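Results of the structural survey
Single-letter residue listing:
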Amino acid sequence: MTEYVVGKSYKFNLGALKVRFTFDSQTQGSFVVEKGGGLAPDGHAETVELDLKKIRDGVYLNSWTEAGGATVTHVEDFANGTLYSNVTVGGTLHNFVGTIEEA
């Protein structure tokens, strides 16, 4: 179902927020914050449990909760290289639109 992304790494560029994300499996991902944009410290790394669902070929709904309580929900459109992201940190919702590039 999610074979398209499992085992691959991507650069998520959301403007001030830049993250390198690896799909370790269908249920686990790991990331490193390259630039935190005020939402996370640069260099922060974490492994998270994913709720990854295929919408259609090349498009996925992906969400997780980080150890510090931040929640992340993405629509990842690999077919068009576009990322739609909602991130909640400290009770504040941040919306981003950015790009996806295979690392």
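1. Observations concerning the overall build of the chain
Within the chain one finds zero helices and nine strands. What you see in the chain, going N to C, is helices and strands ordered as β-β-β-β-β-β-β-β-β. Taken over C-alpha atoms, the radius of gyration comes to 12 Å for the chain, in line with the 13 Å a tight globule of 103 residues would show. The C-alpha extent of the chain, read off along each of the three principal axes, is 35 × 25 × 25 Å. Each of the 103 residues in the chain was classed as buried or not, and the buried ones make up 38%. Here the chain displays about 5500 Å² of accessible surface, and carbon together with sulfur accounts for 50% of that area.

2. Re the packing of aromatic side chains
Considering all chains together, one arrives at eight aromatic pairs under this definition. Here the aromatic rings of Y10 and F23 are separated by 6.0 Å at their centres, their planes lie at 80°, and the arrangement is edge-to-face. Residue Y10 is located in strand 1 (residues 9-14), and its partner F23 is located in strand 2 (residues 17-23); the two are separated by 13 residues in the primary sequence. A single burial state applies to Y10 and to F23, both of which are buried. Centroid distance F23 to F78: 6.3 Å. Interplanar angle 70°. Geometry classified as edge-to-face. Residue F23 is located in strand 2, and its partner F78 is located in the loop between strand 7 (71-77) and strand 8 (82-89); the two are separated by 55 residues in the primary sequence. Neither residue differs from the other here; F23 and F78 are each classed as buried. Put simply, the rings of Y10, F12, F21, F23, F31, Y60, W64 and F78 pair up and form one aromatic cluster.

3. Notes on the pairing of strand 3 (residues 28-35)
The two faces of a sheet get side chains in turn, since along a regular strand they alternate between them. Two elements, strand 2 and strand 3, share six bridges in a ladder whose sense is antiparallel. If you follow F21 over to strand 3, its bridge partner there is F31. Counted along the chain from strand 2 to the antiparallel partner strand 3, the turn is four residues long.

4. Things to note about the side chain of D77
For D77, the location among the structural elements is in strand 7. For the buried D77, no salt bridge is present, and the opposite-charge side chain at shortest range is R56, 4.6 Å distant. Separated by 3.2 Å, the side chain of D77 and the backbone nitrogen of A79 make a polar contact. In this view, D77 contacts G58, V59, T82 and I100; residues no more than four positions away in its chain are not counted.

Cut-offs applied
- Residues numbered from 1 in each chain as written.
- Predicted model: local features only at pLDDT ≥ 70, side-chain atom pairs only at ≥ 80, totals over all residues.
- Heavy atoms only, no water.
- Helix = DSSP H or I, 4+ residues; strand = E, 2+ residues; numbered from the N terminus.
- Rg over C-alpha atoms; globule rule 2.2 N^0.38 Å.
- Buried < 20%, exposed > 50% of the residue type's maximum accessible area, 1.4 Å probe, protein only.
- Areas by Shrake-Rupley, 256 points an atom, 1.4 Å probe, with all protein chains shown as cover.
- Phe/Tyr/Trp six-rings, centres within 6.5 Å; stacked < 30°, edge-to-face > 60°.
- Pairing = 2+ DSSP bridges.
- Lys, Arg positive; Asp, Glu negative; His and termini not counted.
- Salt bridge = Lys/Arg side-chain N within 4 Å of Asp/Glu carboxyl O.
- Polar contact = N/O pair within 3.5 Å; in protein donor to acceptor, adjacent residues only side chain to side chain.
- Contact = heavy atoms within 4.5 Å.

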